[in-house]
Amino acid sequence: MNILAISGSLRKQSSNSALLKSIIAMAPSDMTFITYNGLGELPHFNPDIDVDDGPEAVMAWRSQLNTADGVLICTPEFGNGVPGSLKNALDWIVSSGELMDKPTAVVTASPTLMGGDKAFESILLTLKMINTQIVEGAALKIPQINLKMDKEGNITNAELKQELLLLLEHLKEASQHVLK
């Protein structure tokens, strides 16, 4: 089972990227994760260049989504919404359909008490609009992430570990139903 893992942050020291790595490390051995690292390479969405032989970075993004059995997105909130680079990536697949019916888990994490609630609601709206299968039990807001991870990116909060293990189990179960 191949899961495409996406961090919504371009920051090298991103807590969401560290969290994504920790989630992957906790996953069952029969879940293989490929981390997508091309958010910063995608051109700004422009329908005029969204053609069959469009930009190479877009074709690679779509190809990775096509071959994934499921998707895990972990994103911060920026300016009360989804970071622009992640929203741009999603804009590139609105009309091409790579996430249509694709089992997807969504995590927002923030040092605030709100847990990235605005980004959470925003990304869910976008994903639902493109008919992504948001896996029941695999959508999570994590407030005060800075108090739940150490400086190396390890999850130190037992309750959060359990929530993430459950999220992975739900994503695994949903992704098994669509294995190619």
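This text follows the structure it describes.
To start, this report covers the structure provided alongside it.

What counts and what doesn't
Residues numbered from 1 in each chain as written. Predicted model: local features only at pLDDT ≥ 70, side-chain atom pairs only at ≥ 80, totals over all residues. Heavy atoms only, no water. Salt bridge = Lys/Arg side-chain N within 4 Å of Asp/Glu carboxyl O. Helix = DSSP H or I, 4+ residues; strand = E, 2+ residues; numbered from the N terminus. Buried < 20%, exposed > 50% of the residue type's maximum accessible area, 1.4 Å probe, protein only. Phe/Tyr/Trp six-rings, centres within 6.5 Å; stacked < 30°, edge-to-face > 60°. Contact = heavy atoms within 4.5 Å. Polar contact = N/O pair within 3.5 Å; in protein donor to acceptor, adjacent residues only side chain to side chain.

### Regarding the pattern of salt bridges
Side-chain pairs of opposite charge can arise whenever the charged atoms involved come near each other. This structure, assessed with the given rule, holds four salt bridges. Residue Lys 172 pairs with Asp 30 through a salt bridge whose shortest N-O separation is 2.9 Å. Highlighted residues: Lys 172 in helix 5 (residues 158–176) and Asp 30 in the loop between helix 1 (15–26) and strand 2 (32–36), separated in sequence by 142 residues. Classification of Lys 172 by relative accessible area gives buried; the value is 13%. Here Asp 91 makes a salt bridge to Lys 87, at a shortest N to O gap of 2.5 Å. Highlighted residues: Asp 91 and Lys 87, both in helix 3 (residues 84–91), separated by four residues, approximately one helical turn.

### Some remarks on the packing of aromatic side chains
Throughout the structure, instances matching the rule amount to two aromatic pairs. Ring centres of Tyr 36 and Trp 61 lie 4.5 Å apart, and the angle between their planes is 40°; this geometry places the pair in the tilted category. Linking Tyr 36 in strand 2 with Trp 61 in helix 2 (residues 56–67), this pair joins segments that are 25 residues apart in sequence. Residues Tyr 36 and Trp 61 agree in their burial class; the two are buried. An angle of 80° between the planes, with centres 5.0 Å apart, marks the rings of Phe 45 and Trp 92 as edge-to-face.

### Concerning the environment of Lys 87
The exposure class assigned to Lys 87 is partly exposed, which follows from its relative accessible area of 31%. The sequence separation of Lys 87 and Leu 10 amounts to 77 residues, and the corresponding C-alpha distance is 13 Å. Ignoring any residue separated from it by four or fewer positions in sequence, one finds Lys 87 in contact with Val 82 and Thr 126. Side chain to side chain, Lys 87 and Asp 91 meet in a polar contact 2.5 Å long.

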